Amino acid sequence: MSYRIICHGGASRVRETSKEKQEVVQFASDIGARVMKEGGSAVDAVVEAISSMENSPLCNAGTGSFLQMDGQVRMDACLMDQDLRVGAVIQISDVKNPIRVARTLLKQGANSILAGEHATQFARITGHSSWDPRTENRVTFWMSQWQKFQNTDPAKILRQVRAELADELQLGTVGAVAQDESGKLAAGTSTGGLKLVMPGRVGDVPLVGCGTYCNQVAGVSCTGTGEKIIRAVLAKTVCGALEFGMNLDQALDLGMERMEQVRGWAGLIMITQDGQISSRHNTQAMVTAVREEA
Ligand code: ASP
């Protein structure tokens, strides 16, 4: 029996990453491995691993997602398998596990990506119950930032807040890539986005080929500054490089070169069809965990 999974809990520009966060990501990879050990698919493993990280208030996904400027949580998630099937939600709110809604979309096959209140409505009618993902910590942080800028021009607030936060990029987006016993790959990513962004801001995560991609050659999940990852089309750039003959190191180098070109911070995890597990980041740190049964 052979299967493997790699999970990430986000890139960070601060080297020190908490032991608790490492445990959450390790636990997620254990869950994903157990799913495959019991005969589940790579898609099932990715969904269960990501759901467990979405349930941790330490991660910026599901419960514990960052609040946008208006104090609301809007989340993005994407799931893809090696047969190029996709399910994604953009700016969904009021659900516990955005990745599970993405899976419902992937399985259903008719509409693979839904956005905003329609994504939330879809979640409700397909049995995903209502859930407020805000935590006390995140609300307190939002209030401390927001109150500083009361009665200030919104454009100025945005510039100031973003400039202050740019230097302390501590993300917490989550992702997983798995390969099951039959050799099939799947990749997924879930996020609350960046701190205090404009309501409705969409990052790389739910955009196919940007934060998440999977084909017969490899599966990739990214983390980092979404606006820059989108410009680098990072996940597809790396998968495409492998597809067109580069080796793993060259493909990862190319991905990081693209990030340099757009001056962006990013990290990624991946598994190739021949079972190589890898990760790369140009940030100080990225929390990852691997489980493999070779
Ligand atoms: N890439 C995510 C976004 O920009 C953030 C992250 O990776 O933590 O929405």
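The shown structure was predicted, so the numbers you read here are calculated from the model rather than taken from an experiment.

### Looking at the overall build of the protein
Secondary structure assignment for the protein yields nine helices and eleven strands. Whereas a compact globule of 294 residues would reach a radius of gyration of roughly 19 Å, the protein reaches 18 Å, a difference of no more than 12%. Projected onto the principal axes, the alpha-carbon positions of the protein cover approximately 60 × 45 × 35 Å. With 294 residues in all, the protein has 56% of them scored as buried. In the protein, once contacts between residues fewer than 6 apart in sequence are set aside, the share between residues at least 24 apart is 70%. For the protein, the computed accessible surface area is about 12300 Å², with 49% contributed by carbon and sulfur atoms.

### Topic: the packing of helix α1 (residues 19-37) against helix α2 (residues 42-54)
Following both chains from N to C, one finds α1 and α2 inclined at 150°, their axes separated by 8 Å at the closest point. The orientation of α1 with respect to α2, classified from their angle, is roughly antiparallel. Classified by chirality, the crossing of α2 by α1 is right-handed. For the pair α1 and α2, the contacting residues are V24, V25, F27, A28, I31, G32, V35 and M36 in the first and A42, D44, A45, E48, A49, S52 and M53 in the second. Here the contact of α1 with α2 is composed, by residue class, of eleven nonpolar, two polar and two charged.

### With respect to the side chain of N60
Structurally, N60 can be placed in the loop between α2 and β2 (75-81). Note on N60: relative accessible area 0%, which makes it buried. Polar contacts involving the side chain of N60 include one to the main-chain carbonyl oxygen of G193, which spans 2.7 Å. Discounting residues that sit within four places of it in the chain, N60 has contacts with S65, F66, R138, L171, G172, T173, S190, T191, G192 and G193.

### Focus: the sheet that holds strand β3 (residues 86-92)
Strand order in the open sheet formed by seven strands is β4-β3-β2-β6-β5-β1-β11, with mixed pairing between adjacent strands. With partners counted over all chains shown, the strands left at the sheet margins are β4 (113-115) and β11 (285-293), one partner each. Neighbour-to-neighbour, the strand axes of this sheet turn through a mean angle of 5°, independent of strand direction. Sheet topology places β2 next to β3; five bridges connect them, and they run antiparallel. Each residue of the ladder has a partner; that of M75, found in β3, is I92.

### Brief notes about the site of the ligand
Surrounding the ligand, one finds L171, T173, T191, G193, L194, R201, G203, D204, T223, G224 and G226. D204 is positioned with one of its side-chain polar atoms (N or O) 2.6 Å from a nitrogen atom of the ligand. The contact in question runs from an oxygen atom of the ligand to an N or O atom on the backbone of G226, over 2.9 Å. Considered on its own, the ligand offers 270 Å² of accessible surface; in the complex 100% of this is hidden by protein. Applying the majority rule of atoms within 2 Å of the grid points places the ligand in the largest cavity. Within the shell around the ligand, the residues separate by chemical class into two nonpolar, seven polar and two charged.

### What to know about empty space enclosed by the protein
Using the criterion set out here, one finds three cavities of 30 Å³ or more in the structure. In this model, the largest cavity occupies a volume close to 80 Å³. A class-by-class count of the residues in the lining of the largest cavity yields three nonpolar, seven polar and two charged.

Rules and cut-offs
- Residues numbered from 1 in each chain as written.
- Predicted model: local features only at pLDDT ≥ 70, side-chain atom pairs only at ≥ 80, totals over all residues.
- Heavy atoms only, no water.
- Helix = DSSP H or I, 4+ residues; strand = E, 2+ residues; numbered from the N terminus.
- Rg over C-alpha atoms; globule rule 2.2 N^0.38 Å.
- Buried < 20%, exposed > 50% of the residue type's maximum accessible area, 1.4 Å probe, protein only.
- Contact = heavy atoms within 4.5 Å.
- Areas by Shrake-Rupley, 256 points an atom, 1.4 Å probe, with all protein chains shown as cover.
- Axes fitted to C-alpha atoms, helices over the stretch in contact; angles between N-to-C directions.
- Parallel < 35°, antiparallel > 145°, perpendicular 65-115°, else oblique.
- Left-handed = near helix turned anticlockwise from the far one by under 90°.
- Nonpolar A, V, L, I, M, F, W, Y, C, P; charged D, E, K, R; others polar.
- Polar contact = N/O pair within 3.5 Å; in protein donor to acceptor, adjacent residues only side chain to side chain.
- Pairing = 2+ DSSP bridges.
- Near = heavy atom within 4 Å.
- 1 Å grid on protein atoms, 1.4 Å probe; cavity = no way out; pocket = protein on both sides within 12 Å on 5 of 7 lines; lining within 4 Å.
- Sits in = over half its atoms within 2 Å of the grid points.
- Points joined across faces, edges and corners; volume = space filled by probe spheres on them.

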